[in-house]
Structure formats: structure tokens, C-alpha cells
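Below, each chain spelled out in residue letters.
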Amino acid sequence: MGKIALLVNKKQQNRVFNEKYYEKIRKFGELSIYDREDFEDLEYATEFVKGAEVIITSWNSPQISGEMLDACPDLKGVIHAAGSVKPVISDELIKRKVRITGSAVAIGEGVAETALGFAISACKSFYKLSRDTANKIWDENRFEYVKDFYDINVGVISGGFVGRHMVKLLKNFHVDILMYDPILSEEEIEKIGAKKVSLEELMSESDVVTIHAPSIPATDNMINKENLALMKDGAVLINTARGTIINEQDLIEELEKGRIFACIDVTNPEPPAPDNKLRFMDNVVLTPHIAGTVTNGLKRIALHVCEELERLLNGKKMRTEVNLDDLSKMA
């Protein structure tokens, strides 16, 4: 059995892994666990991975350099126990076409579940009605505020891992699912379980709009005053993706009209300024980037690592294996 090097600092080890998952990993090889708090000594890190068949990385792990790759002539692949693989990818790793997979799908499941929670609670107006009851009002506004999560249009922006899981969750409800994704074909989106539409049609026809696009130059300010103005009165906008996707000032100006409701988990920058209007508006729920895995949910990543490790060592394609030629399209 070959060496599996967990090139993860102690802080992230404690967040993502525990003995349950270490035992799963040990079924596939000899597990070596990094024993330092940081990676300031890259020579030590290189010596640590020497001879590894698999390197596992996570948040704060160093790039897998040419020197590390030289020290691992039998390396089969890198499994990244975090979202974007970009922080650990070096030019040399790309040049040598080393197989690598990330864990965005594991994080994305939590993101989609949070977005669904936002969607249902905002439609049912939990937030507004809670303020009412705190102000000694009971059910006077329920017919004005509440929209049941039934027979409505839900617009999903992007058909990546998170968007696909969102569609999977939405299939448990009697709702019509629209999707905007400029890369996927009509047939591909139909297979996911949605109807392909333009961004303008999605914004104008949806009762709930939920954003799951990556943060890349093409999506900067993709949601702006032109398409925000298309939203229905009473519609809900959810952003659990990245703050750069929405033009924040345009969103604030639209929210000030009182027409729509927003659930915002990400801003640009983070945290938002103390006087940012999103913090104080009655038609906004603002949360501190908690949609993904935060606490115990991080163990989803450890499970994903174990599953990808099994695929890799059995000679199969990993579920979320990265095509290094597509890095420019990835978050």
C-alpha cells in the first residue's frame, strides 16, 4: 500500500477530518499526517510528501510545486479537501498534467440546501411575520405577505454542482424550474431537470431567483439594474454564490423601492461596511457567508475525499476531476 500524504495544517485537519475519516483513508494506503501549524518551511513540506502516491490538500495548503512533484515520482493524483483547486495548482502541476480533484461539490450541497431554506422561508415570509409578532401584531398581514412554495417559478442561475443539487432538491416540490446557463445546451439542462431560458426571461418570470454562478470575469455585475428591474413584484432574490455577481448599489436601489425581497449570504467586499444599507433594510436577510459547510458540515468534505481516493486508486475517473484546460472557467 502506498503513501497518502495529508498536506493540511493542524487547524484545517481539525475542521475537516476526524479519526473516523482517517480510518477510511488508511484502508487505501499508509496515511502520513502533517504535524505543523503552517507551511513556512517549504523544504519541510516537500520532504513530508516525499514518495507519496496521493497528496491531500485543503485551505492554506501550499502549491504543489515542481520540487514536490520531483519528490513524488509515483504520484497518482492530488485530492483537494476544499472548494477551488486553484490555490494549490502550480504551473508545473499543469505542465505535468497531474490529476487533481476538488471538493466544491461537497460544499455545494450545503449551499443549495441553504438556498432552499431561504427560498421557502422568504416565500412564507417568516422574516416579516416574525417582526410582526415581535411588534404585537398577529396574523393581520399573512394574506398580504405569504406565498406558498407551490406552483411557482424558481429560477436557478448556473448549472454547476450547486445549481444541479438545487434542482435535485426542488424536484421534491411542485414548482417549475427555469435555468440560465450560457454554456449548457437545452438538452443538457433538460437532463438536469430544468427548462433553459435567457437571463432576462428567468429574471422576469421567476417568483424566486437563486444565484449559483462562479465568480469569474464573465459574471461580474451580471445581476444589475437592468435585469433587477425585470423582477416581479414580491419576488425573492437569493445570493449564496459570490458578492461580485450582483451590482450591490443597483440591488440596494431596487430594494429601496420595496418591490422585492433579498436573502444575501455573500457581499463584495466581505464583511460589508458597518453602514452598508443591506444591514438595515426590512426586505433583506443578510447572513455572514454561512451557506456552505461551516462547522460539522465540513465532514462532508472528508467523506468526499475518501470517495475520490477510492476512485483514483481503482483507476477510475474521479467524480469532480478537474480538466486543467478549463481552469479559466472555474471559480
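Rules used in this analysis
Residues numbered from 1 in each chain as written. Predicted model: local features only at pLDDT ≥ 70, side-chain atom pairs only at ≥ 80, totals over all residues. Heavy atoms only, no water. Patch = residues over 30% accessible without salt bridge, like charges linked within 9 Å, V, L, I, M, F, W, Y side chains within 5 Å. Areas by Shrake-Rupley, 256 points an atom, 1.4 Å probe, with all protein chains shown as cover. Salt bridge = Lys/Arg side-chain N within 4 Å of Asp/Glu carboxyl O. Lys, Arg positive; Asp, Glu negative; His and termini not counted. Charge placed at Lys NZ, Arg CZ, Asp CG, Glu CD. Helix = DSSP H or I, 4+ residues; strand = E, 2+ residues; numbered from the N terminus. Buried < 20%, exposed > 50% of the residue type's maximum accessible area, 1.4 Å probe, protein only. Contact = heavy atoms within 4.5 Å. Core = buried A, V, L, I, M, F, W, Y, C linked by side-chain atoms within 4.5 Å.

Some details on a negative patch on the surface
- Together, Glu 186, Glu 187, Glu 188 and Glu 190 make up a negatively charged patch on the protein surface.
- One can find Glu 187 in helix H10 (residues 186-192).

So, the environment of Asp 91
- Relative to the assigned elements, Asp 91 resides in helix H5 (residues 91-95).
- Look at Asp 91 and you get exposed, because its relative accessible area is 69%.
- Spatially, the C-alpha atom of Asp 91 lies 39 Å from that of Lys 225, the residues being 134 residues apart in sequence.

What about the side chain of Asn 153?
- Tracing the backbone shows Asn 153 in strand S6 (residues 153-157).
- When its relative accessible area of 18% is taken as the criterion, Asn 153 is described as buried.
- Dropping the residues within four chain positions of it, Asn 153 is found in contact with Asp 176, Leu 178, Glu 205, Ser 206, Asp 207, Val 208 and Lys 232.

Focus on the nonpolar core
- The biggest cluster of nonpolar side chains holds 54 residues, and the ones touching the most others in it are Phe 17, Ile 56, Phe 149, Leu 170 and Val 208.
- It is helix H6 (residues 104-123) that contributes the most residues to this core, ten residues altogether.
- In contact with Ile 56, not counting residues within four places along its chain, are Ile 4, Ala 5, Leu 6, Leu 7, Val 8, Phe 17, Ile 25, Ile 79, Ala 81 and Val 305.

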